[in-house]
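# Summary of structural features
Here are the chains, one letter per residue:
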Amino acid sequence: MMINPAAHLTPSQAAELLVQALPHMQRYDQEVIVIKYGGNAMGDAATAEDFAEDVVLLEQSGLKPVVCHGGGPQIARMLDKLGLKSEFKQGLRVTDAATVDVVEMVLAGSVNKEIVGYISREGGKAIGLCGKDGNMVIAKKATRTIVDPDSKIEQILDLGFVGEPDTVDTTVLDATLKAELIPVLAPVCAAVDGQTYNVNADTFAGAIAGALNAKRLLLLTDVPGVLDKDKKLIPELTVEQCRRLIADGTISGGMIPKIETCIYALEKGVEAVVILDGKVPHAVLIELFTDTGSGTIIRR
């Protein structure tokens, strides 16, 4: 059974906590907050319930939360159940015709509706959508290149039906937010020719945040944030500092594409991006409504 810390507070202490949160609530009043909820950050039911409570509280406090989610572990489990093999190149899943059908079923189907259900159970009014709805996000085929270590010749990687956002139309999102609904978005998109593409959830969230001119983009992951070479959390970074840390190898591996998403979103007009650990109870509230914050905040 989970222990409710608020149960140990006196009424005066509880009131003081609310007063301390007030200036933060005022800062974000009527502002769009895009939250990328990753497959690895989803965790167990208790973690999902904490996240849903945070999202509902944001909406009730006058903010406009938009949830973009991934589902890599859930896709992997379904592919394994169906006996389909996954191949990865440069950290991206190669998506063939059979795999893209599974991706759409898992992301736009089961995972999306599960998150909607959690939010609904906490008293929120959520609506599940994907990039295809209302031509919200038109994708194009993602292109990646590698340099052959022997020949030194640049080669193009074919990732199959892996896409990246090309254009974003916020018509559906604007109407949804105006109706005081919480959009929950799956990163399944279509190209101009109607072909379905699997889009990286971080990239998708960055495109949505930029198009909505969001006040904050929160990338919930399974790590505390950006770490220095001693594995200590770096609380604040600028874009220029991020580029230096990538160049000297401090930022490496899977954190590089996350940082690239942060830079992209900032260039599109997002005020600040935060990378934080989604498995910490109420990480979203800690970041937005307390002085201490959570994770690494990146600004221009």
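Residues numbered from 1 in each chain as written. Predicted model: local features only at pLDDT ≥ 70, side-chain atom pairs only at ≥ 80, totals over all residues. Heavy atoms only, no water.

For the rest of this paragraph, the subject is the packing of aromatic side chains. Summed over all chains, the structure comprises 2 aromatic pairs. Aromatic side chains Tyr-37 and Phe-51 sit 3.8 Å apart centroid to centroid with 5 degrees between the ring planes, which places their arrangement in the stacked category. Taken as a pair, Tyr-37 in strand β1 (residues 32-37) and Phe-51 in helix α3 (residues 45-60) lie far apart in primary sequence, 14 residues in all. Like Phe-51, Tyr-37 is buried. Positioned above the aromatic ring of Tyr-118 is the side chain of Arg-121, whose terminal nitrogen or guanidinium carbon lies 4.6 Å from the ring centre. (Phe/Tyr/Trp six-rings, centres within 6.5 Å; stacked < 30°, edge-to-face > 60°. Helix = DSSP H or I, 4+ residues; strand = E, 2+ residues; numbered from the N terminus. Buried < 20%, exposed > 50% of the residue type's maximum accessible area, 1.4 Å probe, protein only. Lys NZ or Arg CZ within 6 Å of the ring centre and 35° of its normal.)

An ideal rise of 1.5 Å per residue puts 18 Å on 13 residues; helix α9 (residues 255-267) measures up with 18 Å between its terminal C-alpha atoms. If you check which residues of α9 are buried, you get Met-255, Lys-258, Ile-259, Thr-261, Cys-262, Ile-263, Ala-265 and Leu-266. Those residues of α9 that are buried are in contact with β1, α7 (201-211), β13 (216-221), α8 (239-247), β15 (272-277) and β16 (296-299). At the exit of α9 stands Gly-269, carrying a positive phi of roughly 115 degrees. (Expected span 1.5 Å × (residues − 1). Contact = heavy atoms within 4.5 Å.)

A word on the packing of helix α4 (residues 72-81) against helix α5 (residues 97-121). Following both chains from N to C, one finds α4 and α5 inclined at 125 degrees, their axes separated by 10 Å at the closest point. Compared by their axis directions, α4 and α5 come out oblique. Our pair here, α4 against α5, has a crossing hand that is right-handed. On α5, the residues that touch Gln-74, Ile-75, Met-78 and Leu-79 of α4 are Thr-99, Val-102, Val-103, Met-105, Val-106, Leu-107 and Val-111. (Axes fitted to C-alpha atoms, helices over the stretch in contact; angles between N-to-C directions. Parallel < 35°, antiparallel > 145°, perpendicular 65-115°, else oblique. Left-handed = near helix turned anticlockwise from the far one by under 90°.)

So, on to the sheet that holds β16. Strand order in the open sheet formed by 8 strands is β5-β10-β2-β1-β13-β15-β16-β14, with mixed pairing between adjacent strands. The sheet terminates laterally at β5 (126-130) and β14 (236-238), the two strands that pair on one side only. Within the sheet, the average angular offset between the axes of one strand and its neighbour, ignoring direction, is 20 degrees. Of the strand pairs in this sheet, β14 and β16 are connected by 3 bridges, and their pairing is parallel. What sits directly across from Glu-236, in β16, is Ile-297. On top of the sheet, α5 reaches β1, β2 (64-69), β5 and β10 (182-186); it is set at about 155 degrees to β10, its chief contact. (Pairing = 2+ DSSP bridges.)

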